[in-house]
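# Structural characterization, general
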Amino acid sequence: MVIPEMDSRGVTSSLLLTELDRFLQLSLTERSSNSSAADQQTAAQTALFLLQHLPPARPAALTYLAQVLTRQVEAHAKGGAVESKAEGGSGDDGDDDVTSQLQGLLLELMEVAPQVWPPLVSSWAMEQLGRWSRQFGPALCRPDATLEEVLAVWLACPPAKGLMALTVACIAHHPDTAIAALLQVSATAGPSFDWVVAHVGCSFPSTVIHRVLALGLASFAANSSHGHHHQLVSVNNILAHLADKHRADIQRALHSIFLKTFSGGDDPETQAAVPFLLRLVCRSMVGTLLEAFTSELHTLLTWERVVVLAGQVGWWIPKFFPSASKLQELIVHLLLDTATAAPTLLTFLVEGASAASPKIPPAVAASFNNILENVVEELCGVAYWRRSQGSPIRIPFLSGIYSGSISDKTVPKTQGGIWGSGGSGVGVGRSGTTGMSLAGLLRCVSSTWPLPSGGGDGSGSSARLKRAVQVVTLLSVHQGAATASSLFSELLRHPIGRHDPRPLLVPIVMSLMSSELPPTATKSPLTLALVSALEEPDAKSQALLMMLQSLDKLLDVRGTKRSVVHPMLVDSLLEGVPYLARIINTENLGTTVVSLLAKLPLDRPLAVGHVHVLAHATVFYLLTCLHHDEMTHKLLGVQKSQKILQQLSRSVVGQNLIIRLLVESAFRPECSYLFGAKPDSKLDIKEVEEVSLINANHTFDSWVKMPQSHTTIFHAGIIGKGVLRRKSIPTLPPDLVTFHTQLLVNTISLCCRSPPQEVSGGTMGINTVALMLVELISPDIMFNGFPWPEEYIKFTFERDLSIKKTFDTQPVAWALLELVAQNRSALCFCSVLVRALTAALIAYWATSPVAKADQAGEQLATTVRLLQIMVTGQFVPRPLSVLPQLVGQLAPHEVLMLMQDLWTYMRDNVPSPDRWVQLPSGYYSRNFDQQLDPKFIERLRLVLQVNVQSVGHLLPTIVSQQQN
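Structure report, in brief. (Residues numbered from 1 in each chain as written. Predicted model: local features only at pLDDT ≥ 70, side-chain atom pairs only at ≥ 80, totals over all residues. Heavy atoms only, no water.)

On to the overall build of the protein. Tallying secondary structure elements over the protein gives 47 helices and two strands in all. Residues counted as buried form 51% of the 964 residues belonging to the protein. In the protein, the share of contacts with a sequence separation of at least 24, taken over all contacts with a separation of at least 6, comes to 76%. Carbon and sulfur atoms provide 56% of the accessible area of the protein, an area that totals close to 45300 Å². (Helix = DSSP H or I, 4+ residues; strand = E, 2+ residues; numbered from the N terminus. Buried < 20%, exposed > 50% of the residue type's maximum accessible area, 1.4 Å probe, protein only. Contact = heavy atoms within 4.5 Å. Areas by Shrake-Rupley, 256 points an atom, 1.4 Å probe, with all protein chains shown as cover.)

Turning next to the pattern of salt bridges. Enumeration according to the criterion identifies 15 salt bridges in this entry. Asp249 is the partner of Arg252 in a salt bridge, and the nearest nitrogen-oxygen pair spans 2.2 Å. Note that Arg252 and Asp249 are positioned in helix α13 (residues 247–260) at a spacing of three residues, about one turn of the helix. Here Arg252 falls in the exposed class, since its relative accessible area comes to 51%. Put simply, Glu269 and Lys260 hold a salt bridge, and the shortest N to O gap is 3.4 Å. Its relative accessible area of 28% is what places Lys260 among the partly exposed residues. Shared partners join several salt bridges into a network, and the residues in it are Arg907, Asp908 and Lys935. (Salt bridge = Lys/Arg side-chain N within 4 Å of Asp/Glu carboxyl O.)

Bringing helix α41 (residues 831–846) into the picture now. Compared with an ideal rise of 1.5 Å per residue, which puts 16 residues at 22 Å, α41 spans 22 Å between its outermost C-alpha atoms and is within 8% of the ideal. For α41, the tally of buried residues reaches 14 of 16 residues, placing the bulk of the element in the interior. (Expected span 1.5 Å × (residues − 1).)

The subject of this paragraph is a negative patch on the surface. On the surface, Glu329, Glu373, Glu377 and Glu378 cluster together to form a negatively charged patch. Ranked by the residues each element gives to the negative patch, the list is headed by helix α21 (residues 362–389), at three residues. Positionally, Glu329 belongs in helix α19 (residues 324–336). (Patch = residues over 30% accessible without salt bridge, like charges linked within 9 Å, V, L, I, M, F, W, Y side chains within 5 Å. Lys, Arg positive; Asp, Glu negative; His and termini not counted. Charge placed at Lys NZ, Arg CZ, Asp CG, Glu CD.)

What follows concerns the layout of surface pockets. Size it by volume and the second largest pocket reaches roughly 820 Å³. Together, 28 residues line the second largest pocket, and Leu301, Leu309, Ile331, Phe368 and Ile371 are the ones closest to its centre. Within the residue set of the lining of the second largest pocket, elements represented by two or more residues are α15 (273–282), α16 (288–294), α18 (303–320), α19, α20 (342–354) and α21. The greatest single-element share of the lining of the second largest pocket, amounting to six residues, is contributed by α19. Looking at the lining of the second largest pocket residue by residue, the class counts come to 24 nonpolar, four polar and no charged. (1 Å grid on protein atoms, 1.4 Å probe; cavity = no way out; pocket = protein on both sides within 12 Å on 5 of 7 lines; lining within 4 Å. Points joined across faces, edges and corners; volume = space filled by probe spheres on them. Nonpolar A, V, L, I, M, F, W, Y, C, P; charged D, E, K, R; others polar.)

Closest axis-to-axis distance for the helix α34 (residues 652–667)/helix α38 (residues 763–777) pair is 9 Å, and the angle between their directions is 40 degrees. As far as their axial angle goes, α38 and α34 are oblique. For the crossing formed where α34 meets α38, the hand is right-handed. Contacts between α34 and α38 involve Val652, Gln655, Asn656, Ile659, Arg660, Val663, Glu664 and Phe667 on the former and, on the latter, Met764, Gly765, Thr768, Val769, Met772, Leu773, Glu775, Leu776 and Ile777. (Axes fitted to C-alpha atoms, helices over the stretch in contact; angles between N-to-C directions. Parallel < 35°, antiparallel > 145°, perpendicular 65-115°, else oblique. Left-handed = near helix turned anticlockwise from the far one by under 90°.)

A few words now on the environment of Val577. Secondary-structure assignment places Val577 in helix α30 (residues 577–582). In this structure, the C-alpha to C-alpha distance between Val577 and His610, residues 33 residues apart in sequence, is 6.2 Å.

This model, assessed by the stated rule, comprises five cavities of 30 Å³ or more. The volume enclosed by the second largest cavity comes to roughly 50 Å³. Surrounding the second largest cavity, Leu346, Leu372, Val375, Val376, Leu379, Phe397, Leu398, Ile401 and Val471 form its lining. Taken together, the elements giving at least two residues each to the lining of the second largest cavity come down to α21 and α22 (396–404). With four residues, α21 is the largest single contributor of residues to the lining of the second largest cavity. The class makeup of the residues in the lining of the second largest cavity is nine nonpolar, no polar and no charged.

Our next topic: unusual backbone geometry. Its identity as a non-glycine residue notwithstanding, Asn588 has a phi of 75 degrees, on the positive side. Take Asn588: it is sitting in the loop between α30 and α31 (590–598). Look at Arg824: it is not a glycine, yet its phi comes out positive at around 70 degrees. In this fold, Arg824 is placed in the loop between α40 (812–822) and α41.

Listed below in C-alpha cells is the structure:
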C-alpha cells in the first residue's frame, strides 16, 4: 500500500472516512489473530495517515503504532529480527519502514506545529520507552552491564533508537513538557530507565540540568511534607548520570538555586531553595551532588548571608524539617560526608564558633560551636567504632582535610559514604598522594597561622589549639599509617627551633608519637614517612635536607621528651638504614646523613643487607672526605665515619666487609694517590665479571684439530680491556700523605679493636687486614704459606721483585704491614710479603755498588723499615732486634751477611701463629727458645767488634743474651 499524499489539500472527507473504516476493520481483524503480515503493514500505514490528517484519531493511531513498535522490540529481544534477516525474509524491512516513516512524519509535524506536537509526542515516546525498559530490559541486557553497554544495546534496536531521536527533538522544541515527562517516567520506571536519561542529558546537558532542578524545586515547594520524596530520587538519578562529564554545569545550577534564597523574593520556591538543596544532596547516592554543591561554597557563603539563613531557620523547621535537632543532625551528616570542601568548611566552622567577628551574633556563634562539637563527637565515635570492628577506616571529612592540605594536587574522586546513604569516602594511601602542606593543614584546623609563640591570645586561641591537636591526631590515627606518615614527613620538614609555632607543632608531634597504629600497620608512621621521603627520585630536594636536619636535632632532645621521642626515632631510622645509605654520598645531604647515623646505636643486630649497603656507602664517604680540600670538613667527616664503621664492625660480617673495603680502596687508582702512590704505580685489583667459563671454553675449542698439527692459536683481538689510557695523578705534599695514611690506619685499627661478640681478643680484624694484603699484593696462591724456602734468592724471584715494586710505588702497604706487625701473631699471615721483601733486599745488597750502606738511602730506609717490622712482630729474638739500629753503620757486604743469617733463622724457626700466646692485657707474645743457636749471631758479633767504635753500645744486648 502506498502512503496517501501528505498534503492536506488532496485529502477529502470521503477519503478520511474510507481510511478510518479500513483502519478499524484491520484493527479488529488483527485482534482476532486472523490477520496476515500484509494486513498489519496496511494497518500501520493507515494509522500513519490518520495520525497526520485526522486529529480525533491521533490517540488511537498512536496506540496502534505503539503496539506495532512493541512487537518489533519484542522480536528484537528474542532475536527474531536476526533470524528473519538470515532467512532472507522481507517482513522486518516493512517494520523498519514503519519506524522510519513514523519518525520522519512526527519530526515534520513538530517542525510545522512546535506548540502542538512536541508535548503529545514527548509524553507518548517517554511512556513507550519506560514500558519497554521495564518489560524487555532484563532480556536485552546483562544484570552487570554498565550504563554505556545498556545504552549501546537499546540504540541497536530501531524502534528505541527512533523514539530517542523524537525525544531529543521534543526537548529542543518544548523543553518544559518534555523534561516533565522525563521526570514522571523516571520516577515510575526506576533504574531501567537510566539509559534514556543518560542519552537525553548528554544531548542537552545544561538545559536538562536546569530544567530538572527547576521542576524538582517546584514539586518540593508545592508539597512541603518532609516525609515525601518530591521526585528527589528522579532528580538525583538524572544528575548523577550527568555528573561525570558535566559537573561544572551541575555546580553552577546548584549555586544559582542557592543564591535564589538571597534574591529577596517571598515566593514558595525561593523560601524552599536551601531546604531543597539540603534534602537533594543528602540523597546523593555517590556523593556527586554534595561535592558539586560544596565546591567553591566558601566564596558564596559570607557572614551576611549566614545571618540571613539563620533568620530563615525558624520557618524551615515545621515546614521542611521535623525539628531543629533533625536539621542539625542532617548538617552534621553532610559535613562528615564532605570531602572536597572539608578544609574550607572546617575553617568556616572554627571561625564561626570562635565569634571573632562582630558581624556574627552570639546565637549564630553558639550554633556553630554546637555543630562543631557534634562533628568532632561523631567523628570520634565513627572512627573508633570502625577501628574496633577492624574494618577499613574511610571518613570523607578527615580524608578531605588531608587531601585539601596537599599542595598543587587534585582532590581524588570519592565514592561511598560512611552513613549508608550518600556521602563520599576517600581512602588516603601512599599511592594516592605524595606530599602535603603543613601550613595548609594547620590552616584547616585553626583560624590563625602561625599561632602566637606565647601560647595563644586567650581562651579562644586555647580552644582552637586543643581542637587543632585533636583533629590532626584523629586524622593520623584513624586515616591510617599512611596519613600519619605524611603528617610526620611534613612536620619534620618544618625547621625545628626556627619559626616554630611550638604551641601547635610540639603537641602534634608528641601526640602522633604517642598514638597507636591500626592493627594492620607493620611499620610506624615515622618509618613510613622516612622511607617515603627517601624513596623519592629527587633526593637533593631542600625538603629532604630539612627533614634530615630535623631528625638530627630530635635525636639530641633531652629531658622528659627524650623517653617518648628517642626510641621511636631510633627504631625508624634503623629501619631506614638502606635508604639513608643511598644518599650518604649525595651532594648537600651527606654531612647531615652521616651526622644522623653517627648518633644511632648501629651496634644493634642489623640485617646483613643493611650492614652491606651502609658499609659501602660510609667507606665511600670517608674516602670522599679525604679528597676534600677543607681540613675541618675532612676531619669531621672522617671522625663520624669512623664512629659508624666502628659500630658496624661489631658483627663478623660487618668487620670483614669494612676492612676489605678500606684496604682494597687504599690501592685503587682513584684513591691511592691520597696515600702517596707514585704516578706509575699499578696494582691489579680483582674485578668480578659476568663471564661464563664454559662458553669461553667452547669459543676457544671450536676449531677442527688436524693430526700432527698445532692446535694452539694466538688471539689477534683486544687483550684484556685494551690500551690503557693513563690519567694524570696529582702529587700531594708528604705531610698531607702522612696525614691521610694515619687517618686510614686509625680507622682500620678502630674497626679491628671492635671485636664481634663471639670472637675474643679482637684478632679476627687484624688477621683480615693481613690476608687482604697478601691477596692484593701477591695474588698468586702458590708458596704463600708460613715456611721460608731453602734458597732465598732464586726461589720465585720475579714475584719477589713484583712485591717489592708494589711496596715502593704504594707506600700505604708499608703502613698497613706495620699495623699488622703491632698485633705480632697476625704478621705470620703476611710471611710471604716479608719473605719477598727480604729476598729482594738480599739481592740488592749482594750487588750494591756503594761503599757504605748509608749511601743507598732509599734501599737502606726500606731495609730498616722491614727489619723494624720483623722486630715489632717478634719474628726475630732479642739479639737480632738490634739489626734496625745496626745496618745503617755497615758496609753492603756486612748488611748482606746479616740478612742471610736472618733468612737462615727464619727458615729454621717458622713463624707460625701457634708460637704466640695471648697475655692478660690482650696483647700477644712469642715464646722464644731459652738458648739461641750461636750460628745465628756469630757473624753479628764479629760485625759489632769490627765496628765497635760506631755500634759498640749494641754489644751488651748480644752478650747478655748469650750469657742467658
